[in-house]
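# Secondary and tertiary structure notes
So you can see what is in the structure, the chains are spelled out below.
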Amino acid sequence: MTRFLLPLGAFALLVVVLIVGLRHAPEKDIIPSPLIGKSAPQFSLHNLFEGRPEVGNVALRGRWSLVNVWGTWCFECKAEHEALLFIKREGKVPIIGIDWKDNDADAQSWLEQLGNPYDAVGTDHDGRVAIDWGVYGAPESFLISPEGKIVEKRVGAMTPQIWQQKFLPHLQAAIGPGGL
Amino acid sequence: MLPTALCAWVALMLALPAYAVDNVPPLPNAQLQQRYYQLTHELRCMQCQNEALADSPVGLAADLRLQVRELLIAGQTDEQIRQHMVDRYGEFILFRPRMSWRNAWLWGAPVVLMLLGVMVAWRVIRSRSQLVDAEEADPNAESLNS
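So, here is what we can say about the structure in this document.

What counts and what doesn't
Residues numbered from 1 in each chain as written. Chains lettered and ligands numbered in written order. Predicted model: local features only at pLDDT ≥ 70, side-chain atom pairs only at ≥ 80, totals over all residues. Heavy atoms only, no water. Helix = DSSP H or I, 4+ residues; strand = E, 2+ residues; numbered from the N terminus. Contact = heavy atoms within 4.5 Å. Buried area = accessible area lost by both parts, 1.4 Å probe. Salt bridge = Lys/Arg side-chain N within 4 Å of Asp/Glu carboxyl O. Polar contact = N/O pair within 3.5 Å; in protein donor to acceptor, adjacent residues only side chain to side chain. Nonpolar A, V, L, I, M, F, W, Y, C, P; charged D, E, K, R; others polar. Disulfide = S-S within 2.5 Å. Buried < 20%, exposed > 50% of the residue type's maximum accessible area, 1.4 Å probe, protein only.

### Observations concerning unusual backbone geometry
All names here are of chain A. Note the cis peptide between A138 and P139, where omega equals -5°. Residue K101 is not a glycine yet carries a positive backbone phi of 45°. Mapped onto the fold, K101 is located in the loop between β4 (95–100) and α3 (104–114).

Spelled out as structure tokens, the structure:
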């Protein structure tokens, strides 16, 4: 009897390892950002709209905000646009846009046609700021605390569900459910 | 009949030159170029994930190659440049993962499994050889053979 115990135990262990692996499988595509919990990278970009102030860390200080990296060339960005407009209507955080390697005129007409969810949009023509933020696939969204720390990150299209399940709880935990 | 040599010459003239993916301007000296070559081959393209920075036609890879070039010219060491990338994209960007306490078990597991295997094999061999000894010592077993 005991001679079967060891192989059986080894098999049971293997099953546990595989089940844990399978359960985490959907997260495997997402590469954890080393920036979470750290201060948002220093940046300063020209405003997409002429005559408006530069867009940089000053825009993030002292309040919760959502930084969204997008571009008119990015297919998924169109898919998430509705969700960004939803977050704007909800009015809990301002959205700061980083227009990644894009053409200004295209970006302006895109916002004119689809609606503008952004409080301010900075233009990252050469993609340097995106690299500092560790961006590898637009759209990407970062939740920034009032202290300027990156609290949460989403790679891929934002949806109202993800916003409510992954992002809002951070605000609620910090401010309290009555504060929002 | 058209001479073969002429045909070959025409074909050669019509052939399009092969374009390299990497369009980053060359570095000022061979030593830096060599380091650039090595770094862009051991850093991962984050968008395609199984390609090296050097081989990827993706826009982000081109931007990162340009940054590697700039950091090399700025006089940073290979390790500083690797760290620059890891700070932004995490260790995933390195094709050769670093040793750390978090992944130590991964490096140690083969050694542990090997030792375990040797121990099991040792015990099996010993118990089997004892079985043979016992058989030889048994006079009844001998009579059966003859």
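### Some remarks on the interface of chain A and chain B
The interface is formed by 15 residues belonging to chain A together with 15 residues belonging to chain B. Of the roughly 1,200 Å² buried where chain A meets chain B, counting both sides, 53% is carbon and sulfur surface. When the area that chain A buries against chain B is broken down by residue, the three leading residues are I31, I131 and Y136 of chain A, summing to 45%. At the boundary of chain A with chain B, the tally comes to 3 salt bridges. For R88 of chain B, the salt bridge is made with D132 of chain A, and the minimal N-O distance between the two is 2.8 Å. Between the two partners, chain A and chain B, sit 5 residue pairs in polar contact (both at pLDDT 80 or more). Classifying every residue of the side of chain A that touches chain B by side-chain character gives 8 nonpolar, 3 polar and 4 charged.

### Quick word on the state of the cysteines
By definition, a disulfide links the sulfur atoms of two cysteines through a covalent bond. The final tally for this structure, using the stated rule, is 2 disulfides over all chains. Here C74 of chain A connects covalently by a disulfide to C77 of chain A, the sulfurs 2.1 Å from one another. Around the S-S axis, the bridge from C74 of chain A to C77 of chain A shows a dihedral of about 90° and counts as right-handed. Note on C74 of chain A: relative accessible area 5%, which makes it buried. A sulfur-sulfur distance of 2.5 Å marks the disulfide that ties C45 of chain B to C48 of chain B. Torsion about the S-S bond of the C45 of chain B and C48 of chain B cystine: about 80°, corresponding to right-handed handedness. Classification of C45 of chain B as buried rests on a relative accessible area of 1%.

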